[in-house]
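What the coordinates show
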Amino acid sequence: MRGSKRGSLVFEWKTTFKNVVVLTGAGISAESGVATFRDNGGLWAEHRIEDVATPDAFAMNPVLVQDFYNKRRAQLKEVEPNAGHRALTRLQQELDGNVTIITQNVDDLHERSGSHDIIHMHGELRKVRCRACATVHQWQEDCFQETACPTCGRQVVLRPHIVWFGEMPFYMDLITQKLQVCDLFISVGTSGNVYPAAGFVTHVQQVGHAHTIEINLESSEGVSYFAEARHGRAGDLLPALID
Ligand code: BV8
């Protein structure tokens, strides 16, 4: 592992920050070819949120919703982590485990770039959950209504292990603990439209004196809350910030 160069930003961060939180959104996976949600041609351009990412949508049209997630799960086999993911992995190595990644993304690109301490607050494409026995299963292939739960054997019970709108995000107690002691908050590739994630930047400033940095292609909805904003591609800006 390369030591950060004296005088580099990460060298300074190493001695200054002990509880770094990085919040990532769809923008960090964009350069890997994973569609974002709200950019032109994004996922929500093809589907209304209400039609595919709410419990009601699943109740009314489970086949459409399962297909929406089957297609995205299948795409994971065709994409790779990009320079932005890899830069965050190096940041975690340089700062000796003091960096938690809270991701709104449901892909597995942070894991595949070698990162750890990842909190998937909106769930994971590579998991399905049984509505009957609540077991969460690792899942690689398509999931259909007639696919039986490997644990309880029932059919018409498996759903994507994804947090839909109106559902409570996962790990909120752990996330709150991380935000309470955060001293450096970096937001990468998110439009700041979706709560509670969009509120994390104000939370860390209310409970402490965290330094806050936005890294995004353009100003997010919450850009004014950040002490620092760097606009451009995450695959360019993160390595420049970290190396
Ligand atoms: C909750 C999983 C409460 C699905 C997602 C009224 C009624 C009810 C709730 C609400 C309400 N008003 C507000 C809410 C809360 C609601 C919400 O925020 N709605 C919004 C739309 C207003 N939130 C919820 O419902 C949440 N739950 O509040 O629960 C509760 C309390 C008690 C009991 C029960 C419940 C749950 C929200 C989670 C929804 N699920 N995802 C799926 O993935 O299929 S959200 C979805 O949006 C994705 O997770 C995505 O990650 C997330 C956020 O979007 P972004 O990641 O920001 O993506 P986006 O495309 O928007 O932006 C990408 C950015 O990247 C852009 O800015 C672009 O410029 C930039 N970019 C592009 N390329 C690059 C780049 N940046 C850098 N480099 C590049 N190369």
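Residues numbered from 1 in each chain as written. Predicted model: local features only at pLDDT ≥ 70, side-chain atom pairs only at ≥ 80, totals over all residues. Heavy atoms only, no water.

With an unreviewed UniProt entry as reference, the protein is termed NAD-dependent protein deacylase, source organism Kordiimonas pumila. According to UniProt, the comment filed for the protein under the heading Function (unreviewed entry) is "NAD-dependent lysine deacetylase and desuccinylase that specifically removes acetyl and succinyl groups on target proteins. Modulates the activities of several proteins which are inactive in their acylated form." A UniProt comment under Sequence similarities (unreviewed entry) is attached to the protein, and it reads "Belongs to the sirtuin family. Class III subfamily." (UniProt positions renumbered as here; feature names shortened; annotations may be inferred.)

1. Details of the overall build of the protein
For the protein, the count of helices and strands is 11 helices and 9 strands. The globule rule puts the C-alpha radius of gyration for 243 residues at 18 Å, and the 18 Å found for the protein is close to it. On the principal axes, the C-alpha backbone points of the protein span a range of 60 × 35 × 35 Å. Across the 243 residues that make up the protein, the buried fraction comes to 52%. Of all intrachain contacts in the protein linking residues separated by at least 6 positions in sequence, the fraction that spans at least 24 positions is 64%. (Helix = DSSP H or I, 4+ residues; strand = E, 2+ residues; numbered from the N terminus. Rg over C-alpha atoms; globule rule 2.2 N^0.38 Å. Buried < 20%, exposed > 50% of the residue type's maximum accessible area, 1.4 Å probe, protein only. Contact = heavy atoms within 4.5 Å.)

2. Considerations on the packing of helix α9 (residues 172–180) against helix α10 (residues 200–207)
Viewed as axis vectors pointing N to C, α9 and α10 meet at an angle of 50°, and their least axial separation amounts to 9 Å. Judged on the interaxial angle alone, α10 and α9 are oblique. In this structure, α9 contributes Met172, Ile175, Thr176, Leu179 and Gln180 to the contact, and α10 contributes Phe200, His203, Val204 and Val207. (Axes fitted to C-alpha atoms, helices over the stretch in contact; angles between N-to-C directions. Parallel < 35°, antiparallel > 145°, perpendicular 65-115°, else oblique.)

3. Overview of the UniProt feature "active site" (unreviewed entry) in the protein
Following the UniProt record, the feature "active site" (unreviewed entry) maps to His122 here. Along the chain, the position of His122 falls in the loop between β3 (118–120) and β4 (123–130). With near-sequence residues (within four places) excluded, His122 lies in contact with Thr103, Gln104, Val106, His161, Ile162, Val163, Pro169 and Val194.

4. Looking at helix α6 (residues 62–75)
Between its terminal C-alpha atoms α6 stretches 20 Å, which fits the 20 Å expected from 14 residues at 1.5 Å a residue. All of the buried residues along α6 are Pro62, Val65, Gln66, Phe68, Tyr69, Asn70, Arg72 and Arg73. (Expected span 1.5 Å × (residues − 1).)

5. Here's the deal with the nonpolar core
Counting 21 residues, the largest nonpolar core has Trp13, Val22, Leu91, Ile186 and Leu238 as its most contacted members. Elements supplying a minimum of two residues to this core: α1 (9–16), β1 (20–24), α7 (83–94), β2 (99–103), β7 (184–188), β8 (211–216) and α11 (234–242). Tallying contributions element by element places α11 first for this core, with 4 residues. In this view, Val22 contacts Leu88, Leu91, Val99, Thr100, Ile101, Ile102, Ile186 and Val188; residues no more than four positions away in its chain are not counted. Within the second largest apolar cluster, 16 residues are counted, among which are Met172, Ile175, Val201 and Phe226. (Core = buried A, V, L, I, M, F, W, Y, C linked by side-chain atoms within 4.5 Å.)

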